[in-house]
Amino acid sequence: MTLNIRLFAFILAVLSALAPFSIDTYLPAIPMMADYFGSSVHHVEWSISSYFFGFAVGQLLGGPLSDYLGRQKIALWGLLLFTASSVAISQVESVDWLIGLRVLQAIGGGFSVVVVTAMVRDRFEGREAARIYTLIGFIMMAAPLTAPAIGAVILEFLHWQAIFIFLALYGLVTILGVGMLLVETRSVRRTQPRSVGESIRSALVTYGRIVSHRGGLGYMLAMGFSMGVLFVYLTDSAFVFIEYYGYSHTSFPIFFSANVLSMMAFNRVNAMLLKRHEPDSIMRFGLILLVVLTLLLLASATLSGDQILVFPLLLLAIGTLSFISTNGTACFMAFFGEEAGAANAVLGTLRFVFAALLGGVVGFVHDGSLLPMTGMIAFCAVAAFASYRFLRIEARSDQEAAI
C-alpha cells in the first residue's frame, strides 16, 4: 500500500473520527451536566439520541449533494457548521438547548462524514475497498480510544463546556487538513447546473432505487441493527459505569477504552482474514458470533449483573462489530458506482436512525438496572442476523455480479 494511499486513508479517518469524538468525549461529563442543568442523567442522554438523528439527516442531505457538487466541498461545509455549533453548545444554559443544538452540530458532522465511504468507492472496489475501509477503521479507533480520556482530563481542570470548545478546535483543524490535503475524487459527470427541484426529485428517485435493491437492503438492515448494539451501549455507558457500578468519571475512560481496544484487535484479525476469505463470509461469521455473545450478556445481566461476566462479554460483543461493519460496507457499496454518495447517505442514515430510536428507547424504559441495555443489545443482534439471513441469497448473487 503506497504512502499516498495511506495519507488518503489517514485524512478520511480523521474526518470519520468526527462522530466518535462528538459522542465519546463528553460521555464522562453527562452526570456533571445533569447536575448543572438540574436534570436527570437519562434526560441528558437524549442529547446522544438527538445527535444520532441529526447525523442521519446530515448524511441523507450531504450524500447526493456530494455526488453533484463534489466530496471535498460538502465536507468543508459540514465542518464549518459543526465547528460553529460546537461553540454555541458551550454557551447553553438548559438541557433542551443542548439537545436542539446537538442536532445542528450532527447535521454538520453528517455532511462531513458521508463523503468518506463515497471517496473510497470512487477509487477502489472489492477486496481492495474492504482493505481501505479496514485501514480507516483501524486508524480512527484512536478517537473512541482517547476521546473519553480527553473528556475526563478536561473535567479535572475545567468545566464541561470546555469539551465542546475542544470539539470546535478539532473541527477547525480538520477544515485545514481537508482543504489543503484532500484531493477531490468525484469524476465530473454533470457540467450543467441543476435546479433545486430537479436535484430533490433526482435524489428521491435515487434513494428509492437504492432502498428497493433487495441485496443492498439485506446488508443495510444487518449493519443498521448490528451497529445498534454499539449505539445502545454508547447511550447507556455513562450510567452503567458511573451510576450503576459506581466508578468515577476519571475511571470511566479505562473501561470504555477497553472496548475500543477489543474493536482494534478484531479489526486486525479482519484484515488478516480478508487475505483468504470474502467480505460476505466474514460478515456472516461475525453476525453469528454477535448473536451468541449478546444472548450470553443478557443472561448474565438477568441472573447476576456481576462485572466479572458483564465486562468480558461486552468486550467481545463490541469487538465483533469490526467483522460486520467494514465487510458489510464493502459488500453494500459494490452494488453502487456512480451513486456512491447517495448510497452511503442511505446506509449512514439507516444506521443513525436506528441509533436514535434504539438509544431513545433505552432512555425511555430505563428502570435503573442493566436489563434495558442488555435486552436491547440482544434484540439488535438477533434482528441483524435475521435481516442478513432473510435476504442473503439475493445479496450474494447480486454481489458476485457486481464484483
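Refer to the structure printed above.
Okay, so let's go over this structure. This is a predicted model, so every value here is computed, not measured.

### Topic: the overall build of the protein chain
Here comes step 1: Scanning the protein chain from N- to C-terminus turns up 17 helices and zero strands.
Here comes step 2: Of all 403 residues assigned to the protein chain, the portion counted as buried reaches 60%.

### Considering the packing of helix α6 (residues 71-89) against helix α10 (residues 161-181)
Here comes step 1: With their axes 8 Å apart at the nearest point, α6 and α10 run at an angle of 160° to one another. By the criterion of interaxial angle, the relationship of α6 to α10 is roughly antiparallel. Between α6 and α10 the crossing geometry is left-handed. Residues Gln 72, Ala 75, Leu 76, Leu 79, Leu 80, Phe 82, Thr 83, Ser 86, Val 87 and Ile 89 of α6 form the contact with α10, whose own contacting residues are Phe 164, Leu 167, Ala 168, Gly 171, Leu 172, Thr 174, Ile 175, Val 178 and Gly 179.
Here comes step 2: For the contact of α6 with α10, the class distribution of residues is 13 nonpolar, six polar and no charged.

### Structural notes on the environment of Met 264
Here comes step 1: With respect to the helices, strands and loops of the structure, Met 264 is situated in helix α13 (residues 252-273).
Here comes step 2: Here the alpha-carbon distance between Met 264 and Gly 137, two residues 127 residues apart in the chain, equals 8.3 Å.

### Thoughts on the packing of aromatic side chains
Here comes step 1: All chains considered together, the criterion is met by 13 aromatic pairs.
Here comes step 2: Aromatic pair Trp 160 and Phe 164: ring centres 6.0 Å apart, planes at 90°, arrangement edge-to-face.
Here comes step 3: Its relative accessible area of 2% is what places Trp 160 among the buried residues.
Here comes step 4: Their ring planes at 45° and their centres at 6.0 Å tell us that Phe 285 and Phe 323 sit as a pair that is tilted. In this pair, Phe 285 is assigned in helix α14 (residues 279-303) and Phe 323 in helix α15 (residues 307-333), connecting sequence segments 38 residues apart.
Here comes step 5: You can call Phe 285 partly exposed: its relative accessible area is 47%.

### As for the nonpolar core
Here comes step 1: Ranked by internal contacts, the top residues of the largest apolar core, which has 136 residues, are Met 33, Leu 98, Val 120, Tyr 233 and Phe 332.
Here comes step 2: With 17 residues, the single largest contributor to this core is helix α12 (residues 214-244).

### Things to note about the packing of α13 against α15
Packed helix pairs are specified by the crossing angle of their axes together with the interaxial distance, meaning the distance between the axes.
Here comes step 1: In contact at an axis separation of 8 Å, α13 and α15 are set at 40° when each is read in the N-to-C sense. Between α13 and α15, the angle is such that the two are oblique. Crossing geometry of α13 relative to α15 is assigned as right-handed. Of the residues in α15, those in contact with Phe 255, Ala 258, Asn 259, Ser 262, Met 263, Phe 266, Asn 267, Val 269, Asn 270 and Leu 273 of α13 are Phe 311, Leu 314, Leu 315, Leu 316, Ile 318, Gly 319, Thr 320, Leu 321, Ser 322, Phe 323, Thr 326 and Asn 327.

### Section: helix α3 (residues 30-37)
Here comes step 1: Every buried residue of α3 is listed here: Ile 30, Pro 31, Met 33, Ala 34 and Phe 37. Projected onto a plane normal to the axis of α3, the buried residues spread over an arc of 160° and lie on a single side.
Here comes step 2: Just beyond α3, the residue with positive phi is Gly 38, at close to 65°.

### Considerations on the environment of Ser 50
Here comes step 1: By secondary structure assignment, the location of Ser 50 is in helix α5 (residues 46-69).
Here comes step 2: Each C-alpha atom of the pair Ser 50 and Phe 352 lies 9.9 Å from the other, and the pair is 302 residues apart in sequence.

### Examining the environment of Phe 82
Here comes step 1: Relative to the elements of secondary structure, Phe 82 occurs in helix α6.
Here comes step 2: Between the alpha carbons of Phe 82 and Gly 110 there is a distance of 9.1 Å; along the sequence they are 28 residues apart.
Here comes step 3: Once residues lying within four places of it in the same chain are set aside, the contact partners of Phe 82 are Leu 18, Ser 22, Tyr 51, Gln 105, Gly 108, Gly 109, Leu 167 and Gly 171.

### Some remarks on a nonpolar patch on the surface
Here comes step 1: Nonpolar side chains collect at one region of the surface, where Leu 7, Phe 10, Leu 176, Met 180 and Leu 181 lie side by side and expose about 540 Å² of accessible area between them.
Here comes step 2: Broken down by secondary-structure element, the contributors of at least two residues to the nonpolar patch are α1 (3-16) and α10.
Here comes step 3: Per element, the largest residue contribution to the nonpolar patch is three residues, and it comes from α10.
Here comes step 4: Structurally, Leu 181 is set in helix α10.

The rules we used
Residues numbered from 1 in each chain as written. Predicted model: local features only at pLDDT ≥ 70, side-chain atom pairs only at ≥ 80, totals over all residues. Heavy atoms only, no water. Helix = DSSP H or I, 4+ residues; strand = E, 2+ residues; numbered from the N terminus. Buried < 20%, exposed > 50% of the residue type's maximum accessible area, 1.4 Å probe, protein only. Axes fitted to C-alpha atoms, helices over the stretch in contact; angles between N-to-C directions. Parallel < 35°, antiparallel > 145°, perpendicular 65-115°, else oblique. Left-handed = near helix turned anticlockwise from the far one by under 90°. Contact = heavy atoms within 4.5 Å. Nonpolar A, V, L, I, M, F, W, Y, C, P; charged D, E, K, R; others polar. Phe/Tyr/Trp six-rings, centres within 6.5 Å; stacked < 30°, edge-to-face > 60°. Core = buried A, V, L, I, M, F, W, Y, C linked by side-chain atoms within 4.5 Å. Arc of directions from axis to C-beta. Patch = residues over 30% accessible without salt bridge, like charges linked within 9 Å, V, L, I, M, F, W, Y side chains within 5 Å. Areas by Shrake-Rupley, 256 points an atom, 1.4 Å probe, with all protein chains shown as cover. Salt bridge = Lys/Arg side-chain N within 4 Å of Asp/Glu carboxyl O.

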